[in-house]
Amino acid sequence: MLAIIGGSGLTQLAYLEIARREVVRTPFGEPSGALTHGRIGKQEVVFLARHGHNHTIPPHRVNYRANIWALVKAAGAAGIVSVASVGGIRADLKPGALVVPHQILDYTWGRPHTFFDGGEAPVVHVDFTEPYDRALRERLLCAGEAAAVPLADGAVYATTQGPRLESAAEVNKLERDGADIVGMTGMPEAALARELETPYAAICAVANWGAGRGDSAEAIHFDRIEAVLQESLVQVRRVIEHLCAAV
Ligand code: HPA
């Protein structure tokens, strides 16, 4: 069973043959919405819209723990593919590009970010040297090739708190820190998946240039983002279809 967490713009997968919807309650509260169970080709899939079905939950209010718990412990997902929109920082990651990140930076704060939060159980530290699962990344890249959808292999994803976008100086600082793309939801999602020992990888759609760059030099134009994202998400859906067909 493969879990797909859909980000902005991807609140459903049209080709998912829907079998049932499931409302799950977890020890960490409610996930962003009902889980949609179904099948793409032979692959059993469970889908969850990260920001809720009507896109009402901002990045800092997403219940990441409930989402990951529901997908892994309730639905039994053996892997999680995250779809997320990001701003581009690296020169080749322009609006419209799709990228499979290999590293992550965390600038978020105040988000419940661990399942191991003290209490009676012994302290647990997880290894996070490679935050994204190598094999699942490879499968995504192969699916991109099979679908003839260009996917950039590797990027450092900086996770900011949001919901506001960054200042130009903040994007410059992120670049100095080694970031190639910037988004608001990569963490703690990736770390929570690791805590539950579940392979996690992401496919990121570059929606805009980071603040202060390219056509975002003076401001980020939301009207342009929408059009770019719609186009990109058609490609993302094709990649996911091929990923599932390869099972
Ligand atoms: N910054 C942060 N998150 C984003 C951006 C951005 O420029 N674009 C899409 N998600």
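Rules used throughout
Residues numbered from 1 in each chain as written. Predicted model: local features only at pLDDT ≥ 70, side-chain atom pairs only at ≥ 80, totals over all residues. Heavy atoms only, no water. Helix = DSSP H or I, 4+ residues; strand = E, 2+ residues; numbered from the N terminus. Rg over C-alpha atoms; globule rule 2.2 N^0.38 Å. Buried < 20%, exposed > 50% of the residue type's maximum accessible area, 1.4 Å probe, protein only. Contact = heavy atoms within 4.5 Å. Areas by Shrake-Rupley, 256 points an atom, 1.4 Å probe, with all protein chains shown as cover. Lys, Arg positive; Asp, Glu negative; His and termini not counted. Charge placed at Lys NZ, Arg CZ, Asp CG, Glu CD. Core = buried A, V, L, I, M, F, W, Y, C linked by side-chain atoms within 4.5 Å. Near = heavy atom within 4 Å. Polar contact = N/O pair within 3.5 Å; in protein donor to acceptor, adjacent residues only side chain to side chain. Disulfide = S-S within 2.5 Å. Axes fitted to C-alpha atoms, helices over the stretch in contact; angles between N-to-C directions. Parallel < 35°, antiparallel > 145°, perpendicular 65-115°, else oblique. Patch = residues over 30% accessible without salt bridge, like charges linked within 9 Å, V, L, I, M, F, W, Y side chains within 5 Å. Salt bridge = Lys/Arg side-chain N within 4 Å of Asp/Glu carboxyl O.

**Student:** Describe the overall build of the protein chain, naming the residues involved and giving the relevant values.
**Tutor:** Within the protein chain, the secondary structure is distributed over 5 helices and 11 strands. For 247 residues, the compact-globule formula gives about 18 Å, and the C-alpha radius of gyration of the protein chain, at 17 Å, lands near that figure. Overall size of the protein chain, expressed as C-alpha extent along the three principal axes, is 45 × 45 × 30 Å. Every one of the 247 residues in the protein chain was classed for burial, and the buried ones make up 51%. Of the contacts made within the protein chain by residues no fewer than 6 positions apart, 80% connect residues no fewer than 24 positions apart. In the form shown here, the protein chain has an accessible surface area of approximately 11400 Å², with 52% of it arising from carbon and sulfur atoms. Side-chain charges in the protein chain split into 23 positive and 28 negative, and the spacing between the mean points of these groups amounts to 3 Å.

**Student:** How would you explain the nonpolar core if you had to name every residue and give the values?
**Tutor:** Core analysis: the biggest nonpolar cluster contains 40 residues, and Ile4, Val83, Leu140, Leu151 and Ile203 have the highest contact counts within it. Listing elements by their share of this core, those giving two or more residues are β1 (2-6), β4 (43-49), β5 (79-88), β6 (98-100), α2 (134-146), α3 (168-176), β11 (200-209) and α5 (222-245). Broken down by element, the residue count for this core peaks at 8 residues, all from α5. Sequence-distant contacts of Val83, that is, excluding residues within four places in its chain, are made with Ile4, Ile5, Gly6, Gly7, Leu10, Arg50, Ile203, Leu233, Val236 and Ile240. Formed by 37 residues, the second largest nonpolar core is a distinct cluster that contains Leu71, Ile104, Ile181 and Ala193.

**Student:** Residues and numbers for the site of the ligand, please.
**Tutor:** All residues adjacent to the ligand are Ser85, Val86, Gly87, Leu165, Glu166, Val182, Gly183, Met184 and Asn208. Gly87 places a main-chain nitrogen or oxygen 3.3 Å from a nitrogen atom of the ligand. A distance of 2.7 Å separates a nitrogen atom of the ligand from a polar atom in the side chain of Glu166. Protein contact buries 92% of the 260 Å² of open area that the ligand shows by itself.

**Student:** Explain the state of the cysteines residue by residue, including any values.
**Tutor:** In this structure the tally under the stated criterion is 0 disulfides. In this model Cys142 remains outside any disulfide bridge; the closest cysteine sulfur is found in Cys244, 14 Å from its own.

**Student:** If you had to explain the packing of α2 against α5 to someone new, which residues and values would you point to?
**Tutor:** Where α2 contacts α5, the two axes come as close as 8 Å, and the packing angle between them is 110°. Relative to α5, α2 is oriented roughly perpendicular. Residue-level inspection shows Arg139, Leu140, Ala143, Gly144 and Ala146 of α2 in contact with α5, the latter providing Val239, His242 and Leu243.

**Student:** Give me the lowdown on helix α4 (residues 186-195), citing residues and values where you can.
**Tutor:** In terms of burial, α4 is a largely internal element, 9 of the 10 residues being buried. For α4, the full list of buried residues reads Gly186, Met187, Pro188, Glu189, Ala190, Ala191, Leu192, Ala193 and Glu195. In this structure, the buried residues of α4 make contact with β1, α1 (64-74), β5, β7 (103-106), β9 (156-159) and β11. With its phi angle positive at about 55°, Glu197 sits one or two positions after the end of α4.

**Student:** Account for unusual backbone geometry, with residues named and values stated.
**Tutor:** The omega torsion across Gly162 and Pro163 is -5°, close enough to zero to call that bond cis. Relative to the helices and strands, Pro163 is located in the loop between β9 and α3. Put simply, Met187 and Pro188 share a cis peptide bond, and its omega is 10°. In this fold, Pro188 is placed in helix α4. One non-glycine residue, Ala148, lies in the positive phi region at around 55°. Here Ala148 is to be found in the loop between α2 and β8 (152-153). On the accessibility criterion, Ala148 (63% relative accessible area) is exposed. One non-glycine residue, Glu197, lies in positive phi territory at about 55°. By secondary structure assignment, the location of Glu197 is in the loop between α4 and β11.

**Student:** Account for a nonpolar patch on the surface, naming residues and giving values.
**Tutor:** On the surface, Phe116, Val124 and Val126 cluster together into a nonpolar patch covering about 200 Å² of accessible area. Assignment of secondary structure puts Val124 in the loop between β7 and α2.

Note that every value here comes from positions in space, so none of it alone points to a role or purpose.
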